[in-house]
Amino acid sequence: MAELPTYPLARDPEHPLDPPPEYRELRASASLTRVRAWDGSTPWLITRYEDARRALTDRRLTMDVTSPGFPHTSPSSRLRGQGAVFFPSRPEERYAAGRTMMIREFTPLRMAELRPFVQRVADGEIDAMLAGPRPADLVEAFALPLAIKVICEFLGVPVADRGRLHELSRVLGSRTAPAERVTSALSEMDAYFRALVADPGDGLMGRIVRAYVETGELSEADAAADFQGLFFTGHGPTAYMIATGVVALLRHPDQIDVLTGTDDETVHATAVQELLRYVTVSHNARQRAATDDIEIGETLIRRGEGVLIQIDSANRDETVFLEPDRLDLRRTPSRRHVALGLGVHHCTGHALADIELDVAYTTLFRRLPDLRLAVDFAKVPFKFDENLLGVHALPVTWGSGAKHRV
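(A) The state of the cysteines, seen in detail. In this structure the tally under the stated criterion is zero disulfides. Here Cys-347 is not cross-linked by a disulfide; its sulfur's nearest cysteine counterpart is in Cys-152, at 17 Å. A relative accessible area of 29% means that Cys-347 is categorised as partly exposed.

This is the structure we're talking about:
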């Protein structure tokens, strides 16, 4: 029997924005393939776009971490699945209730009302960056503070705690962190958000506590897990996407004018969706377990088997996207990607993420039209040991073309 590929597959350091080249080979050779995870389990790996769409929308593939065969992609993944968990990872009926609760909070109208705040934060961080030294680290100076301040404002999390919470989030999202560090981070995060449940303030957390916890519909433990999950998913992917998206744009400077040359919201929306497809910072597979026998492509998945849906591979499927390895901000239709999931597990906060990314890219390149890397691309320190693709730092500089606010 041939040796199974070990999951996760490694990216090529010379092409860090591209998924591992083996995915292209797997898409061409088999609908699904077995891989060997860190714990010796052998879940199915999905790499093709159409198979990924089918898997993401089939309710027989569950995100419930307690379901038999659920595939944990790292030790930290298994530890995070113990105790109270974020609502998408709960049993189906409890997930549905949690999603309904959150959809009421993340309406497009409410997210649109946050745009002026997002714009003020973006301008303020750029002002501070312009007043500081060059080169600057775009992660620490812009991407991370923007993402954290926005989600803290929306949730009602004290901004002063953002640095520690981000560090704990990185531990929880690590593929390699020792079990004792993950356990400690989980304990600290749980204690922090339980304290906020007890004194939630006036943001989303306050509304949820008053409407659901105080009425007994949601336990304090589940509420704390939900708020922790919203902070985790609401800042990390956005911050990493801002930074890696900037790298992608600097590598394709002809595309920048698509964002900066117009105020047409449709053009901007298309551009953001293409960046999400091209970069797909969530390079850890979507994890599912089969609750019944299901056939996908040419493969029968048995009840109790694990499934890994590789969305960065699906987003580069050459049978669906013309020249998939090319960044084209005018690509249509733009929303065919699966970077933010699909169906009932489509990212609840996608409308807010779209606004943040649009404001971040457009404002940054309009105010710093000659923004450029301060190091050779080969020296940009990408990080591959987390569930999100990112950079440890992004050294950038600019010249006299930088625009201060008037």
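(B) How the structure looks around the packing of helix H11 (residues 220–251) against helix H15 (residues 350–367). Axis separation between H11 and H15 bottoms out at 10 Å; the angle between their running directions is 40°. As judged from the angle between their axes, H11 and H15 are oblique. You can see that H11 and H15 cross each other, and the crossing is right-handed. The residues of H15 that touch H11, namely those facing Gly-234, Thr-238, Met-241, Ile-242, Gly-245, Val-246, Leu-249 and Leu-250, are Glu-356, Leu-357, Ala-360, Tyr-361, Leu-364 and Phe-365. Considered class by class, the residues forming the contact of H11 with H15 number ten nonpolar, three polar and one charged.

(C) Up close: the pattern of salt bridges. Taken as a whole and judged by the stated rule, the model has 30 salt bridges. For Arg-27, the salt bridge identified is with Glu-318, shortest N-O distance 3.0 Å. In this pair, Arg-27 is assigned in helix H1 (residues 22–29) and Glu-318 in the loop between helix H14 (311–314) and H15, connecting sequence segments 291 residues apart. Assessed through its relative accessible area of 8%, Arg-27 is described here as buried. Among the residues examined, Glu-318 registers a relative accessible area of 37% and is labelled partly exposed. A salt bridge links Glu-105 to Arg-110, with the shortest nitrogen-to-oxygen separation between them at 2.6 Å. A relative accessible area of 9% means that Glu-105 is categorised as buried. Arg-110 sits in the partly exposed class, given a relative accessible area of 28%.

(D) Molecular detail of helix H4 (residues 92–103). The terminal C-alpha atoms of H4 lie 16 Å apart, and with twelve residues this matches the ideal 16 Å at 1.5 Å per residue to within 8%. Buried residues along H4 sit in contact with helix H10 (204–213) and H11.

(E) Fine view of the sheet that holds strand E5 (residues 286–290). One open sheet holds the five strands; their spatial order is E1-E2-E8-E5-E3, and the pairing between them is mixed. Edge strands, defined here as strands with exactly one partner in the open sheet, are strand E1 (32–34) and strand E3 (61–62). Where E3 lies against E5, two bridges are found, and the strand directions are antiparallel. Across the sheet, Leu-61 pairs through a bridge with Ala-290, a residue of E5.

(F) Layout of the sheet that holds strand E4 (residues 136–137). Strand order in the open sheet made by the three strands is E4-E12-E9, with antiparallel pairing throughout. The two strands at the open ends of the sheet, each matched to only one other strand, are E4 and strand E9 (372–373).

(G) Layout of the environment of Ala-52. Tracing the backbone shows Ala-52 in helix H2 (residues 49–57). For Ala-52, a relative accessible area of 0% gives the class buried. Ignoring anything within four residues of it in the chain, the contact list for Ala-52 reads Ile-46, Ile-309 and Ala-314.

(H) Just the packing of helix H6 (residues 115–131) against H15, in detail. The N-to-C vectors of H6 and H15 enclose an angle of 35°; their axes lie 10 Å apart at closest approach. Where H6 crosses over H15, the two elements pack in a sense that is right-handed. In this structure, H6 contributes Arg-115, Val-118, Gln-119, Ala-122, Asp-123, Ile-126, Asp-127, Met-129 and Leu-130 to the contact, and H15 contributes Ile-355, Glu-356, Asp-358, Val-359, Thr-363, Leu-364 and Arg-367.

Quick notes on the rules
- Residues numbered from 1 in each chain as written.
- Predicted model: local features only at pLDDT ≥ 70, side-chain atom pairs only at ≥ 80, totals over all residues.
- Heavy atoms only, no water.
- Disulfide = S-S within 2.5 Å.
- Buried < 20%, exposed > 50% of the residue type's maximum accessible area, 1.4 Å probe, protein only.
- Axes fitted to C-alpha atoms, helices over the stretch in contact; angles between N-to-C directions.
- Helix = DSSP H or I, 4+ residues; strand = E, 2+ residues; numbered from the N terminus.
- Parallel < 35°, antiparallel > 145°, perpendicular 65-115°, else oblique.
- Left-handed = near helix turned anticlockwise from the far one by under 90°.
- Contact = heavy atoms within 4.5 Å.
- Nonpolar A, V, L, I, M, F, W, Y, C, P; charged D, E, K, R; others polar.
- Salt bridge = Lys/Arg side-chain N within 4 Å of Asp/Glu carboxyl O.
- Expected span 1.5 Å × (residues − 1).
- Pairing = 2+ DSSP bridges.

Bear in mind that shape data such as this cannot, by itself, settle questions of function.
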